[in-house]
Amino acid sequence: MTGLLGALLPAVPLVAGLAGLLLPPAPRRDDPTGGGRARRAAVALGVTGAAVAFALAVALLVTVDGPTETSTSWVDVGGLAVTLGVRLDGAATLVAVAVTAVALAVQVYSIGYLRRGPHDDIDVDHRYPPYAAQISIFTGAMLLVVVAGDLIMLLVGWEVMGLCSYLLIAHDRRLAGAPAAAMKAFLVTRVGDVGFLLGIALLGVSTGSFRIADVLAHDHSTATLTAAGLLLLAGVAGKSAQFPLHTWLPDAMAGPTPISALIHAATMVAAGVYAVTRLYPLFTAAPVTLTVLGVLGAITLLLGALAATAQDDIKRVLAWSTVSQLGYMTGALAVGSPAAALFHLLTHAAFKALLFLAAGAVIHAVGTTLMSEMGGLRRSMPVTFWCTVVGLGALAGVPPLAGFWSKDGVLTVAESAALEGTGPAPSWVGWIVWIAGLVGVVITAWYAGRLLLRAFFGAPRLPLVRPHDPPALLRWPVLLLTVPAALLGLAGFVGAFADRLRFPTVPVAGSEDGLIHVASEVLLPLALLLVGAALVLLLWRRNPAADPAAALGPLRPVFARAFRLDDLQHILVVRPVRALARVARAGDEVVVDGAVEGSGRAATGLGAGLAALHRAALPRAAAGVLAGALLIGLAAAVIGAAQ
């Protein structure tokens, strides 16, 4: 029964999504409300599929009390076995609940968010049916990654997510930046996925099977594990937006806001972190891989936090915040605590989905994503304001909200790895993760406070706009997400919850007792939190009309452009690739096509010449025959004389 439920978990949203793709993609022109049979059917399929998946995830959470696996042989090619099956444990069920809960909230929220409003032009095409179907397929693909018992199945879910992210980011194709952002996300993540595919292939060839249990049990050589681990980390860097493949994530904000919540909370960006926990024993056996992961995680943590301080677009602030928080998760993995990484993954899924959906409510009300055009919204949008306060508090790590406990867990295990050398990587990796995490606490409190003050306090900067709290379809998902954003961290005190995070298939090199600490380890992050919040509040109090980011001075444009790494990527990668493409195109057109077309033209010319000779007039033909006979006779005379 557990295996059946595990197989149904990704199958239900996948079937709902495939069925939704059969619906007409757009409402009729004579239906100005955006309703119609297709939309109602799409709503039913999307919400029902997400709700059933959520119910299945909760059922698995209740029934799965230890690692369990069911599989059947699918194909054997050249001695490499590929199986179909599910691999479940406590951590997988918790992640599945988080994914399905966020997906259900996004499906319900999107019903109102993508509805044609009274002021929309009648030709506006919201294309809701394919949108809802792609969300369902995206959800099913992520759930396939969560429950897959075989690396090939995991890879299928991994790649389907990439395709769906491309389609969803570019959903509103009328926006100038949406198609380009979707293409960038697709190409950048594909760069990492090449390494991910090669890593899976290397492990499968070494084991003789792609079944995860077989791969973990096989005695691989250190060289194989190191090479495979580094290749897998390339895919992780792409999917989970780690330096240097992080540049796609902020641009993905061109997609609809609910899609930002889905991608940046519990699904695509979490897939890389989850994949590492799935194969964590292989990484601990090759400490070089965790060293690389720790360095990249620390860089990503600080890069994302600093970039968030100078953004004016509210969605880009949250996007760079996601990049930074993913750095905490990968840092926890590097210092030896997959449990702390998964704990922060779960709390981040709750409060970041809440923040994006609350931001969507603000954007829906004021018609802009720029904080410089907001202000004073706490009076006109009180429900959204308090929900945002909870989300930002959890993001900054304000006790007793969820982010406080999970972030403190990461910092505690990093401190243990730095001071006591408990992690599988060298102790200096623990030091850089710990220091980066502490600095990140200050910066996160600063930009979270800036967002709250700029958007909800001060004088309204768009006096003609009359914002108000969103309607029920948008309001209730936001309200319900405030519950886990506020209280999920307290679940760490529940033994059953903590035991599920410490699943026995993943040996932990460091101390896991640091998941929940109320001792001296809490005081330093809390003090740093107060420093960051006090700094931004002091700057705002001096001039409520000014942007606190102005205090960054000449660093502001540098942070706003994320240290111009996008430009560097464009110079070092995009331009050379385009130049190479132009050379290849010119070679194809001039050399290859030239040879083919030239031979054709030569044959045509030769045929035309022969045809002209064939059609020659009789006197010329007779002269030609006589001339030929004369030449033959002359040649014969010369040859005879020579003999």
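Predicted model only: the values in this text are computed from it and were never measured. (Residues numbered from 1 in each chain as written. Predicted model: local features only at pLDDT ≥ 70, side-chain atom pairs only at ≥ 80, totals over all residues. Heavy atoms only, no water.)

## Let's talk about the overall build of the protein
Phase 1 of the analysis: Broken down by element type, the protein carries 25 helices and 2 strands.
Phase 2 of the analysis: Here the C-alpha coordinates of the protein stretch approximately 120 × 65 × 55 Å along the principal axes.
Phase 3 of the analysis: Of the accessible surface of the protein, which amounts to about 26,100 Å², a share of 71% is contributed by carbon and sulfur atoms.
Phase 4 of the analysis: Positive and negative side-chain charges in the protein, numbering 41 and 35 respectively, have mean positions lying 10 Å apart. (Helix = DSSP H or I, 4+ residues; strand = E, 2+ residues; numbered from the N terminus. Areas by Shrake-Rupley, 256 points an atom, 1.4 Å probe, with all protein chains shown as cover. Lys, Arg positive; Asp, Glu negative; His and termini not counted. Charge placed at Lys NZ, Arg CZ, Asp CG, Glu CD.)

## Remarks on the packing of helix α5 (residues 151–169) against helix α8 (residues 222–239)
Phase 1 of the analysis: Between α5 and α8, the least distance of the axes is 12 Å, while the angle of their chain directions is 30 degrees. By the angle between their axes, α5 is roughly parallel relative to α8. In this structure, α5 meets α8 at a crossing whose hand is left-handed. Contacts between α5 and α8 involve W158, M161 and G162 on the former and, on the latter, G235, V236 and K239.
Phase 2 of the analysis: Residue composition of the contact of α5 with α8, grouped by class: 3 nonpolar, 2 polar and 1 charged. (Axes fitted to C-alpha atoms, helices over the stretch in contact; angles between N-to-C directions. Parallel < 35°, antiparallel > 145°, perpendicular 65-115°, else oblique. Left-handed = near helix turned anticlockwise from the far one by under 90°. Contact = heavy atoms within 4.5 Å. Nonpolar A, V, L, I, M, F, W, Y, C, P; charged D, E, K, R; others polar.)

## Considerations on a nonpolar patch on the surface
Phase 1 of the analysis: Taken together, L568, I571, L572, V573 and V577 make up a surface patch of nonpolar side chains, about 450 Å² in accessible area.
Phase 2 of the analysis: Turning to its location among the elements, V577 is positioned in helix α24 (residues 565–614). (Patch = residues over 30% accessible without salt bridge, like charges linked within 9 Å, V, L, I, M, F, W, Y side chains within 5 Å. Salt bridge = Lys/Arg side-chain N within 4 Å of Asp/Glu carboxyl O.)

## Regarding the environment of G112
Phase 1 of the analysis: Mapped onto the elements of the fold, G112 is located in helix α3 (residues 90–113).
Phase 2 of the analysis: Taking the relative accessible area as the measure of exposure, G112 reaches 13% and is therefore buried.
Phase 3 of the analysis: As a C-alpha pair, G112 and A472 span 360 residues in sequence and 8.5 Å in three-dimensional space.
Phase 4 of the analysis: Setting aside its immediate chain neighbours within four residues, G112 contacts H364, L473 and L474. (Buried < 20%, exposed > 50% of the residue type's maximum accessible area, 1.4 Å probe, protein only.)

## Details of the pairing of strand β1 (residues 68–77)
Phase 1 of the analysis: As judged from the 9 bridges shared by β1 and strand β2 (residues 80–88), these two strands associate in the antiparallel manner. Looking at the pairing, V75 lines up with V82 of β2.
Phase 2 of the analysis: Where β1 folds back onto β2 in an antiparallel hairpin, the turn is made up of 2 residues, including G78, whose phi is positive at roughly 60 degrees. (Pairing = 2+ DSSP bridges.)

## Points about helix α1 (residues 2–20)
Phase 1 of the analysis: Here α1 contains 19 residues, and its C-alpha end-to-end distance of 28 Å stays within 8% of the 27 Å for a straight helix at 1.5 Å per residue.
Phase 2 of the analysis: Roughly 30 degrees is the biggest bend found in α1, and it falls at L8, with proline P10 one to four residues downstream.
Phase 3 of the analysis: Within the span of α1, buried status applies to G3, L5, G6, L9, P10, P13, A16, G17 and G20.
Phase 4 of the analysis: In this structure, the buried side of α1 is in contact with α2 (37–63), β1, β2, α3 and α4 (128–147). (Expected span 1.5 Å × (residues − 1). Bend = angle between axes of the 7 residues up to and from the residue.)

## Section: the packing of aromatic side chains
Phase 1 of the analysis: Under the defined criterion, the tally for this structure stands at 12 aromatic pairs.
Phase 2 of the analysis: With 4.0 Å between their ring centres and 5 degrees between their planes, W158 and F196 make a pair best called stacked. Of the two residues, W158 sits in helix α5 while F196 sits in helix α6 (residues 178–207), which places them 38 residues apart along the sequence.
Phase 3 of the analysis: For W158, a relative accessible area of 0% translates into the label buried.
Phase 4 of the analysis: For F196, a relative accessible area of 4% gives the class buried. (Phe/Tyr/Trp six-rings, centres within 6.5 Å; stacked < 30°, edge-to-face > 60°.)

## Things to note about the pattern of salt bridges
Phase 1 of the analysis: One pass over the full model with this rule turns up 17 salt bridges.
Phase 2 of the analysis: Across the pair D547 and R450 runs a salt bridge whose closest N-O atoms are separated by 2.8 Å. Placement of D547 in the loop between α22 (520–542) and α23 (555–560) and of R450 in helix α19 (residues 427–456) is noted, with a sequence separation of 97 residues between them. This pair shows no difference in class: D547 is buried, exactly as R450 is.
Phase 3 of the analysis: R585 is paired through a salt bridge with E589; the nearest N and O atoms lie 3.0 Å apart. Of this pair, R585 and E589 both sit in helix α24, 4 residues apart, which is roughly one turn of that helix.
Phase 4 of the analysis: Under the relative-accessibility criterion, R585 is labelled exposed at 58%.
Phase 5 of the analysis: Overlapping salt bridges, with partners in common, bring together E69, R87, R211 and D214 in one network.

## Overview of the confidence of the model for the protein
Reading predicted coordinates in detail is not appropriate for stretches of low pLDDT.
Phase 1 of the analysis: Looking at the protein, pLDDT values average 87 and 92% of them are 70 or higher.
Phase 2 of the analysis: Low pLDDT, under 50, characterises residues 503–520; the predicted model gives this stretch 52 contacts beyond four residues in sequence or across chains. (pLDDT = per-residue confidence, 0-100.)

## Some details on unusual backbone geometry
The phi torsion of most residues other than glycine is negative, and most of the peptide bonds are trans.
Phase 1 of the analysis: In this structure, the amide linkage connecting F243 to the following residue, P244, adopts the cis form with an omega of 5 degrees.
Phase 2 of the analysis: For P244, the location among the structural elements is in the loop between α8 and α9 (248–251).
Phase 3 of the analysis: Along the chain, P399 connects to P400 via a cis peptide bond; the corresponding omega equals 5 degrees.
Phase 4 of the analysis: A positive phi angle is found at F563, which is not glycine, with a value near 60 degrees.
Phase 5 of the analysis: You can see F563 is positioned in the loop between α23 and α24.
Phase 6 of the analysis: Residue R564 is not a glycine yet carries a positive backbone phi of 55 degrees.

## What about helix α10 (residues 257–265)?
Phase 1 of the analysis: For α10, the tally of buried residues reaches 9 of 9 residues, placing the bulk of the element in the interior.
Phase 2 of the analysis: Of the positions making up α10, those classed as buried are T257, P258, I259, S260, A261, L262, I263, H264 and A265.

## Brief notes about the packing of helix α13 (residues 287–308) against α19
Phase 1 of the analysis: α19 packs onto α13 with a crossing angle of 20 degrees between their chain directions and a minimal axis gap of 9 Å. When the axis of α13 is compared with that of α19, the two are roughly parallel. Crossing of α13 over α19 shows left-handed handedness. For the pair α13 and α19, the contacting residues are L290, T291, G294, V295, A298, L301, L302, A305, L306 and A308 in the first and W428, V429, I432, V433, A436, G437, V439, G440, I443, Y447 and R450 in the second.
Phase 2 of the analysis: For the contact of α13 with α19, the class distribution of residues is 16 nonpolar, 4 polar and 1 charged.

## With respect to the side chain of T384
Phase 1 of the analysis: For T384, the position within the fold is in helix α17 (residues 382–396).
Phase 2 of the analysis: Given a relative accessible area of 3%, T384 falls into the buried group.
Phase 3 of the analysis: Within the structure, T384 has its side chain in polar contact with the side chain of D469 (distance 2.8 Å).
Phase 4 of the analysis: When residues no more than four places from it in sequence are discounted, the contact partners of T384 are A358, A361, V362, F456, D469 and P470. (Polar contact = N/O pair within 3.5 Å; in protein donor to acceptor, adjacent residues only side chain to side chain.)

## Here we look at the environment of A498
Phase 1 of the analysis: Residue position: A498 is located in helix α21 (residues 495–501).
Phase 2 of the analysis: Sequence spacing of A498 and H220 is 278 residues, and the spatial spacing of their C-alpha atoms is 31 Å.

## Some points on the environment of G235
Phase 1 of the analysis: Assignment of secondary structure puts G235 in helix α8.
Phase 2 of the analysis: Taking the C-alpha atoms as reference points, G235 and E420, separated by 185 residues in sequence, lie 31 Å from one another.
Phase 3 of the analysis: Excluding residues that lie within four positions of it along the chain, G235 makes contacts with W158, G192, D193 and F196.

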